[in-house]
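# Per-entry structural report
Listed here are the chains, written in short residue letters.
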Amino acid sequence: MNTRFLSGFCDVFILVFGIWTLLDFFCYFMGFSFFTLLLLSIILIPLSLFCAVYFDNTQEVGELMSTSETGLLLLFLCSSVLITLCLNRPDPDDQHYIGISVLALDYLHTPLQLIPSEVFKSGYAFSSFNLIASALSYSTGIPILYSYYFVIPAFFSIIVILIHWKILTLLTGKGWIVGLIFFLIVMLAWGDDHRTHANFGFVRLFQGKACFVSIITPAIILYFLKFQEQFQKKYAVLLFFTIVAGIGFTPTGIIVGPLTIGVLFLANIKFDRERFKKNLPLALSIIIPLLLGLIIKFHLIGGLKSGVHTARGVQEHTTNYAMLQFVLGPGYRGLFALFCFVISPFFVKNKQVKKGYMNFVIVCVLLLVIPWTSEFLAHLTYPTISWRWLWVLPLPLAMCIVTGSISEFFRNRAKALYGYIVITVLSVIFVASSERLVISEENYTTFHWPAFKLRNQEKIYLRPYGEHGIIQNGYIFMETSKKSF
């Protein structure tokens, strides 16, 4: 199989979701309805894709994967779908997110600004991720809960694997196979804390913030490095739509997306005139999302709020160390993830992007070493950024880079068996170091036949309505509007 087609599929996804998010912004500010958003999307998304393909003069050939490699990649994709559908951990935040999806259908022809709910007067008005379930249900007739819990998470699980496959191929070459194996292990094992990267992975892909952690952060790094490698405007465009898509996944993307690209820029800044000209398209691709994020932040969210979000609630002060424990957990797995992140640049094989990635890691480490980074960012922006800024660190990716490169090191020296032994030992230690796996009672997660990830399969409380919706065959029946979705 030619890698160009799979790689292009990821690029198309970023473009489509970015355009969908931009159209959501446009319809909101212009006073248009969700129905108008659907009509504009049907017209403009195919037109935009046609223009992107027509004007793309990069003419990338792509590499050929062997039959065995193609089979393994397909196995990874199928496994990701199965894991995503069968992992079951109910989340009370769905009372809010599903409510957004239902509101869009309930007020189909009402201007988004005028939908009678505080949700559409806040940053969540631009959570275009939640509107995908609405669009899918409206256009196909699929009940909203099937769209929300089955179809959309399954699709995004495929994107998670493909994005990591792309960046691992860029950084480690053939090491992507072992890298993805370890990625699945991490996603099933790292349940040390509610906020670990793995708990924002397959177990939670029905929520936009999980998609941000598992897709957007690696994609920003990928397209930045690809641009630095080839200086093609195509990657500047993709980076622009990646940042926009991040805002569509979660309001946190308003801050963490530009912060990630800001760190990459800071780490790779050069005062060479020729280099500046080459990087100009990349800089321009960031300005618009940044301005858009500022408008959303100050116009809708209502300015800055003081305090930092910690394990003890909102406090006045915190430290990076406390936030690292809050997110990574106190055990071996978090330490291993951080260690792999620090040493991962030494395992990057692609010399054209190695320095750029290394500089990024160095700046991130400096931000971690400064004790007040979490507190400063939270006070500057929003309380939960005290720990969510750590989403800038692609920790699962770093572990995959290290393990994938170790396997390639031994394989290239005709000692593949030793490499597999090392990776097996690392995997066993990672899994056995704590009883709190992603699939465990301690993590409130079970693994069984796909079902709605709800504690009560008969009704759901929808916060935007302030009432319960009755569930029947995947449909939600609302007493207020006497409608079903």
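### Thoughts on empty space enclosed by the protein
- Applying the stated criterion to the full structure yields three cavities of 30 Å³ or more.
- Size it by volume and the largest cavity reaches roughly 100 Å³.
- His164, Val213, Ser214, Pro218 and Pro396 are the residues nearest the centre of the largest cavity, which is lined by 14 residues in total.
- For the lining of the largest cavity, the secondary structure elements donating two or more residues are α7 (176-189), α8 (208-230) and α17 (395-412).
- Broken down by element, the lining of the largest cavity gets its largest block of residues, four residues, from α8.
- Classifying every residue of the lining of the largest cavity gives 10 nonpolar, four polar and no charged.
- Looking at the second largest cavity, its volume works out to about 60 Å³.
- What lines the second largest cavity is simply Tyr97, Tyr124, Phe129, Asn130, Gly208, Lys209, Phe249 and Thr250.
- For the lining of the second largest cavity, the class distribution of residues is four nonpolar, three polar and one charged.

### Concerning the packing of helix α6 (residues 144-172) against α7
- Following both chains from N to C, one finds α6 and α7 inclined at 140°, their axes separated by 9 Å at the closest point. It follows that α6 is oblique to α7 by the angle criterion. In terms of crossing hand, the pair formed by α6 and α7 is right-handed. Only Trp176, Gly179, Leu180, Phe183 and Leu184 of α7 make contact with α6, whose side of the interface consists of Val160, Ile161, His164, Trp165, Leu168, Thr169 and Thr172.
- Tallied by class, the residues present in the contact of α6 with α7 amount to eight nonpolar, four polar and no charged.

### Let's talk about the nonpolar core
- Membership of the largest hydrophobic core comes to 160 residues, with the highest contact counts inside it found for Trp20, Phe34, Phe156, Phe202 and Phe360.
- If one sorts the elements of this core by residue count, α6 sits on top with 18 residues.

### What about the packing of aromatic side chains?
- Applying the stated criterion to the full structure yields 36 aromatic pairs.
- Put simply, the rings of Phe9, Phe13, Phe17, Phe129, Phe155, Phe156 and Phe249 touch in pairs and so form one group of aromatic residues.
- The ring centre of Trp387 lies 5.1 Å from the NZ or CZ of Arg195, which sits over that ring.
- Above the face of the Phe430 ring, Arg333 is positioned so that its terminal group lies 5.7 Å from the ring centre.

### What to know about a nonpolar patch on the surface
- A cluster of nonpolar side chains, Leu39, Ile42, Ile43, Leu44, Leu47 and Phe50, forms an exposed patch at the surface whose accessible area comes to about 590 Å².
- Tracing the backbone shows Leu47 in helix α2 (residues 34-54).

### A word on the sheet that holds strand β7 (residues 475-478)
- An order of β5-β6-β7-β8 is seen for the four strands of this open sheet, with the pairing classed as antiparallel. Of all the strands in the sheet, just β5 (459-462) and β8 (483-484) have a single pairing partner and so form its edges.
- In this sheet, β7 lies alongside strand β6 (residues 467-472) in antiparallel orientation, the contact comprising four bridges. Residue Gln472 lies in a different strand from β7, and its bridge partner there is Tyr475.
- Packed onto the sheet, helix α4 (residues 94-106) meets β5, β7 and β8 and runs at close to 85° relative to β5.

### Quick notes on the pattern of salt bridges
- Throughout the structure, instances matching the rule amount to 10 salt bridges.
- Close ionic contact of Arg204 with Asp93 constitutes a salt bridge, the shortest N to O distance being 3.9 Å. Note that Arg204 is positioned in the loop between α7 and α8 and Asp93 in the loop between β1 (87-88) and α4, a separation of 111 residues in sequence.
- Between Glu408 and Lys349 there is a salt bridge, with its nearest N and O atoms 3.9 Å apart. Pair noted here: Glu408 is in helix α17 and Lys349 is in the loop between α13 (332-343) and α14 (351-369), with a separation of 59 residues, a long-range link.

### Thoughts on the side chain of Thr381
- In this structure, Thr381 sits in the loop between α15 (373-380) and α16 (385-388).
- Only 2.5 Å separates the side chain of Thr381 from the backbone oxygen of Leu377, close enough to count as a polar contact.

### Describing the environment of Glu435
- Topologically, Glu435 is positioned in the loop between α18 (416-432) and β4 (446-447).
- In this structure Glu435 comes out as exposed when scored by relative accessible area, which is 68%.
- Between the alpha carbons of Glu435 and Val392 there is a distance of 27 Å; along the sequence they are 43 residues apart.
- Contacts of Glu435, omitting those with residues within four sequence positions, involve Ser440 and Glu442.

### Section: the pairing of β6
- Pairing analysis gives four bridges linking β5 to β6, with the strands arranged antiparallel. Within β6, the position partnered with Ile460 by the bridge is Gly469.
- Adjacent in sequence and paired antiparallel, β5 and β6 are bridged by four residues, among which Gly466 carries a positive phi angle near 70°.
- Joining the antiparallel neighbours β6 and β7 is a turn of two residues, in which Asn473 adopts a positive phi near 55°.

### Quick notes on the environment of Tyr28
- Turning to its location among the elements, Tyr28 is positioned in helix α1 (residues 3-30).
- Exposure remark for Tyr28: the relative accessible area of 5% places this residue in the buried category.
- When the C-alpha atoms of Tyr28 and Gly257 are compared, they prove to be 21 Å apart, with 229 residues separating the residues in sequence.

### Let's talk about α6
- Look at α6: 40 Å from first C-alpha to last across 29 residues, which is about the 42 Å you get at 1.5 Å a residue.
- The sharpest bend along α6 reaches about 30° and sits at Pro153.
- For α6, the tally of buried residues reaches 24 of 29 residues, placing the bulk of the element in the interior.
- A positive backbone phi angle near 70° is found at Gly173, which sits one or two residues after α6.

### Quick notes on the packing of helix α5 (residues 128-140) against α6
- Put simply, α5 and α6 touch, their axes get as near as 9 Å, and they point 115° apart. As for how α5 packs across α6, the hand of that crossing is right-handed. Here Phe129, Asn130, Ile132, Ala133, Ser134, Leu136 and Ser137 of α5 lie close against α6, whose contacting residues are Ile144, Ser147, Tyr148, Val151, Ile152 and Phe156.
- Classifying every residue of the contact of α5 with α6 by side-chain character gives nine nonpolar, four polar and no charged.

Conventions used here
Residues numbered from 1 in each chain as written. Predicted model: local features only at pLDDT ≥ 70, side-chain atom pairs only at ≥ 80, totals over all residues. Heavy atoms only, no water. 1 Å grid on protein atoms, 1.4 Å probe; cavity = no way out; pocket = protein on both sides within 12 Å on 5 of 7 lines; lining within 4 Å. Points joined across faces, edges and corners; volume = space filled by probe spheres on them. Helix = DSSP H or I, 4+ residues; strand = E, 2+ residues; numbered from the N terminus. Nonpolar A, V, L, I, M, F, W, Y, C, P; charged D, E, K, R; others polar. Axes fitted to C-alpha atoms, helices over the stretch in contact; angles between N-to-C directions. Parallel < 35°, antiparallel > 145°, perpendicular 65-115°, else oblique. Left-handed = near helix turned anticlockwise from the far one by under 90°. Contact = heavy atoms within 4.5 Å. Core = buried A, V, L, I, M, F, W, Y, C linked by side-chain atoms within 4.5 Å. Buried < 20%, exposed > 50% of the residue type's maximum accessible area, 1.4 Å probe, protein only. Phe/Tyr/Trp six-rings, centres within 6.5 Å; stacked < 30°, edge-to-face > 60°. Lys NZ or Arg CZ within 6 Å of the ring centre and 35° of its normal. Patch = residues over 30% accessible without salt bridge, like charges linked within 9 Å, V, L, I, M, F, W, Y side chains within 5 Å. Areas by Shrake-Rupley, 256 points an atom, 1.4 Å probe, with all protein chains shown as cover. Salt bridge = Lys/Arg side-chain N within 4 Å of Asp/Glu carboxyl O. Pairing = 2+ DSSP bridges. Polar contact = N/O pair within 3.5 Å; in protein donor to acceptor, adjacent residues only side chain to side chain. Expected span 1.5 Å × (residues − 1). Bend = angle between axes of the 7 residues up to and from the residue.

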